[in-house]
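Listed below are the residues making up each chain.
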Protein chains: 2
Amino acid sequence: MIIVNGGVTVPKGFLASGIRAGIKKSGNPDLALLYSETPAVAAGVFTTNAFKASPVELSIANLRNKTHRAIVVNSGNANCANGRQGDADALAMAGYIAEGLALGRSEILVASTGIIGHRLPVKKIEMKTTELIAGLSAKGGSDLAVAIMTTDTVKKEIAVKVKLGGKVVKIGGAAKGGGMLHPLMKKAGRSAGMIVDKHATMLGFITTDVLISKAMLEGALAEAADESFNMISVDGDMSTNDSLFIMANGLAGNKKITRTGKDYKVFLEALRGLCITLAKMLAGDGAGETKLVEIKVLGAKTDESARIIARKISTSNLLKCALFGEDPNWGRVAASAGSAGVDFDPGNTDIYLGPAKVLSGGSSMKTFDKEKVRKYIKGKEVFIKVDLKSGKGSATAWTCDFLKEYVTINSEYST
Amino acid sequence: MIIVNGGVTVPKGFLASGIRAGIKKSGNPDLALLYSETPAVAAGVFTTNAFKASPVELSIANLRNKTHRAIVVNSGNANCANGRQGDADALAMAGYIAEGLALGRSEILVASTGIIGHRLPVKKIEMKTTELIAGLSAKGGSDLAVAIMTTDTVKKEIAVKVKLGGKVVKIGGAAKGGGMLHPLMKKAGRSAGMIVDKHATMLGFITTDVLISKAMLEGALAEAADESFNMISVDGDMSTNDSLFIMANGLAGNKKITRTGKDYKVFLEALRGLCITLAKMLAGDGAGETKLVEIKVLGAKTDESARIIARKISTSNLLKCALFGEDPNWGRVAASAGSAGVDFDPGNTDIYLGPAKVLSGGSSMKTFDKEKVRKYIKGKEVFIKVDLKSGKGSATAWTCDFLKEYVTINSEYST
């Protein structure tokens, strides 16, 4: 996997645009369009929140279509908790694009992010549809990455390439994180728009020119999301709008991937790498946050129990305050791990804070170099390792420290 | 139930003291003793954290004794993650009191709160034991309430009285909350020191002169804790040290309570009332917090599902930031409820913010008086109601808003 410059318009045949539609009070870009020049297979994983925004419901329904051509997304308004009006507005948003591009409405996927319970200003979107479509460009990936931002301080995009049977396959991605970030996105069920299981405001858009079956694409996305976006947390709150999409248009010309063979593995590995990189960008740029914190749990009985513990530690407010304060208060790691509801032996547990072992067999180390650790946690990246020494299960989660500004930023959102 | 002045020394036969032992760097009181002049039956519920502090393990073991006489507690050091040394130190702490009062060591219960992973300064405690015992007084309840404080800004104590068959029965209580507050305390198993189930730094000490069997006292404490201390959250982190104790010495002279009859119900109701009042004091005085927020969920399929949702909402960082900002961003209530992992119909859900219905049948109300709500949430108490309209299950949880100072306070704890 080689990282290349750019984002969602790096793979062949993808165009994007991002413009100002006046949805955000700030006047910043807030409407974007992603377009495949040829029909693409698509997949999505979505918030498992019981309250799902109208665009999420619509995209889940539309994903039953065999192929797709475009994704339209707005920031500044979540179009959530707006009842039937919200559903009608999401449908209208897809309709404007379908009409403008002469496509079927079900070939369009939609996403929204922003405040809950305010009607989506569809007239503004309708009026800007021509400009949005006219702006589609093979250099538009960055415009899309900017237009989806809310409390993000920087845009997040990345592209990679791999070789499959001599053919170069590219994957591009853009994502936004910010305030309400604690995704747990799952594939929607195929029957009657039902959601198969549980929980995650992040939006992610991935494009690839790989030739792959829809079923294999769905599996790859779910697996990559579980080890990346579903393992980041900024503040433990799960949004009503989290959505991660992937479109694959097959223009790379590789031998079509239809089963879990070698090509699939190479593709999945690249997709996973891209997702982890984007997810870490999100975790490192939560609203007002600075340090990227990586939490690795190993020696668990199963990967799932490691995942639960890693994710629990990643949501410890007190740990995140301590890291902001650059205070090596590792006791908060132990307390958080122990509260995950997973059975393990504390008396056999080791904890490492960066270069230092701070807990050994459940007992605090008296001898570690406190000054070294204190210096270590002043860095921009902090690595915490918890070794349960009772199995082969492992998982990695990412979060950030809490800045003083966290409360200020998040206390003035709707006003 | 009538509320009376005082705390743990209001019931007959209980003495308390609280002194400075130099465990806290601040020099504030940090060592307390609670004593019953006659043998009392005792019960306790403890943190369900896998990492349990040594004093928790010791108290669980000692509660197998039939009767108890004293509880010794220190603040400023949690005596957690100190391995066998920690266990020996907790035992030594109990031993000093047992020797000083000429009691058996297993008649003593112990509790600690403070930083994790630092050895308990037992020499300081040993040197102060004589002073601590000499200070025991029927007016010492308040001294105990002060000596157990950590980041609390005020002491928390309360006492109530009820009549059982013509006899006046009194119950007194003191508690401390502060930083790491998200209890889920359960009764420890009777076999081999094993913990029956799961999660809870709060300390609580309840005294009563009621005459009751140990088994009935255990049941009453567990039930009262589930609807009070186990329903408060300051920051979602669960401590390694949470402990709630009750001692009943029978000096009220009532007919002994040995089954769930009328007297038991009257006693339980009073105990529950006392626990809820203390729990709300803790929630309203989390480290640096100001508003008390009450979250009531009703119309759930079961009380348990209502409890899970109420507790999930009470841990929403974003909601708590919005409340600090006095921003009626009720969408965060909906998002949090929906993320609890409980199956309910969002399209049938109503949400009330104080006097106003803000969500009706899953759709935002366009007509509520925003100025009225804005004024309402400037108050010191905020009431949020979520009606799922699909059953008779209900539960109430309490939390507080996040102050800007939250991060500052919690980022400088160990340094």
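Figured I'd write up the structure that's included with this text. (Residues numbered from 1 in each chain as written. Chains lettered and ligands numbered in written order. Predicted model: local features only at pLDDT ≥ 70, side-chain atom pairs only at ≥ 80, totals over all residues.)

**Re the overall build of chain A**
Helix and strand counts for chain A stand at 11 helices and 16 strands. By residue count, 61% of the 415 residues in chain A fall in the buried class. (Helix = DSSP H or I, 4+ residues; strand = E, 2+ residues; numbered from the N terminus. Buried ≥ 20, exposed ≤ 12 C-beta atoms within 10 Å, placed from the backbone.)

**Some thoughts on helix α7 (residues 303-314) of chain B**
All names here are of chain B. For α7, with 12 residues, the first-to-last C-alpha span of 16 Å sits near the 16 Å given by 1.5 Å per residue. Burial analysis of α7 places 9 of its 12 residues in the buried class, the great majority of the element. Buried within α7 we find Ser305, Ala306, Arg307, Ile309, Ala310, Arg311, Lys312, Ile313 and Ser314. (Expected span 1.5 Å × (residues − 1).)

**Observations regarding the sheet that holds strand β12 (residues 350-353) of chain A**
Residue and element names in this part refer to chain A. Taken together, the 6 strands give an open sheet; going across it, the order is β14-β13-β12-β15-β11-β16, and neighbouring strands pair in mixed fashion. Bordering the open sheet on either side are β14 (363-364) and β16 (393-400), each of which pairs with just one other strand. For β12 and strand β15 (residues 381-387), the ladder comprises 4 bridges, and the chain directions are antiparallel. Opposite Ile351, over in β15, you have Val386 as the bridge partner. Across the sheet, helix α9 (residues 331-338) lies against β12, β13 (356-360) and β15, angled at about 50° from β15, the strand it touches most. (Pairing = 2+ DSSP bridges. Contact = placed C-beta atoms within 7 Å. Axes fitted to C-alpha atoms, helices over the stretch in contact; angles between N-to-C directions.)

**Some remarks on the nonpolar core**
Core analysis: the biggest nonpolar cluster contains 261 residues, and Leu34 of chain A together with Leu34 of chain B have the highest contact counts within it. Apart from the residues lying within four places of it in its own chain, the contact partners of Leu34 of chain B are Val8, Phe14, Ala16, Ala70, Ile71, Leu144, Phe205 and Thr207 of chain B. (Core = buried A, V, L, I, M, F, W, Y, C linked by C-beta atoms within 7 Å.)

**Digging into the sheet that holds strand β14 (residues 363-364) of chain B**
Residue and element names in this part refer to chain B. The strand order across the open sheet built from 6 strands is β14-β13-β12-β15-β11-β16, with neighbouring strands paired in mixed fashion. In this open sheet, the two strands that pair with only one neighbour each are β14 and β16 (393-400). The sheet contact formed by strand β11 (residues 292-300) and β16 spans 7 bridges and is antiparallel. Across the sheet, the residue bridging to Glu294 is Trp398, located in β16. Contacting β11 and β16, helix α6 (residues 262-283) crosses the sheet at an angle of about 40° to β16. With respect to the sheet, helix α9 (residues 331-338) is in contact with β12 (350-353), β13 (356-360) and β15 (381-387), its orientation differing from that of β15 by roughly 50°.

**As for the environment of Val358 of chain B**
Residues and elements named next belong to chain B. Along the chain, Val358 falls in strand β13. The spatial distance from the C-alpha of Val358 to the C-alpha of Asn329 is 9.8 Å, given a sequence separation of 29 residues. Dropping the residues within four chain positions of it, Val358 is found in contact with Trp330, Ile351, Tyr352, Leu353, Ser364, Met365 and Phe368.

**Overview of the packing of helix α7 (residues 303-314) of chain A against α9 of chain A**
Residues and elements named next belong to chain A. Contact geometry of α7 with α9 gives a least axis separation of 8 Å together with a crossing angle of 130°. When the axis of α7 is compared with that of α9, the two are oblique. Pair α7 / α9 crosses with right-handed handedness. Residues Ile309, Lys312 and Ile313 of α7 touch α9, and the partners they reach there are Val333, Ser336 and Ala337. Grouping the amino acids of the contact of α7 with α9 by side-chain chemistry returns 4 nonpolar, 1 polar and 1 charged. (Parallel < 35°, antiparallel > 145°, perpendicular 65-115°, else oblique. Left-handed = near helix turned anticlockwise from the far one by under 90°. Nonpolar A, V, L, I, M, F, W, Y, C, P; charged D, E, K, R; others polar.)

**Describing unusual backbone geometry**
Located in the positive-phi region is Ala81 of chain B, a residue other than glycine, with phi close to 60°. When you line up the elements, Ala81 of chain B lands in the loop between β4 (68-77) and α2 (83-101).

**A closer look at the pairing of strand β3 (residues 31-47) of chain B**
Regular strands have side chains that alternate between both faces of the sheet. Residues and elements named next belong to chain B. Within β3, 14 of the 17 residues are buried, which leaves it mostly tucked inside the rest of the structure. Direction of pairing for strand β2 (residues 14-19) relative to β3: antiparallel, over a ladder of 6 bridges. Across the sheet, Leu15 pairs through a bridge with Tyr35, a residue of β3. Sheet analysis places β3 next to β4, joined by 6 bridges and oriented antiparallel. If you follow Tyr35 over to β4, its bridge partner there is Ala70. In this structure, β3 lies alongside strand β10 (residues 243-248), joined through 6 bridges in antiparallel fashion.

**Brief notes about the environment of Thr38 of chain A**
Residues and elements named next belong to chain A. By the element assignment, Thr38 lies in strand β3 (residues 31-47). Take Thr38: there are 13 C-beta atoms within 10 Å of it, and that puts it in the partly exposed class. Each C-alpha atom, one on Thr38 and one on Phe14, is 8.7 Å from the other, the two residues being 24 residues apart in sequence.

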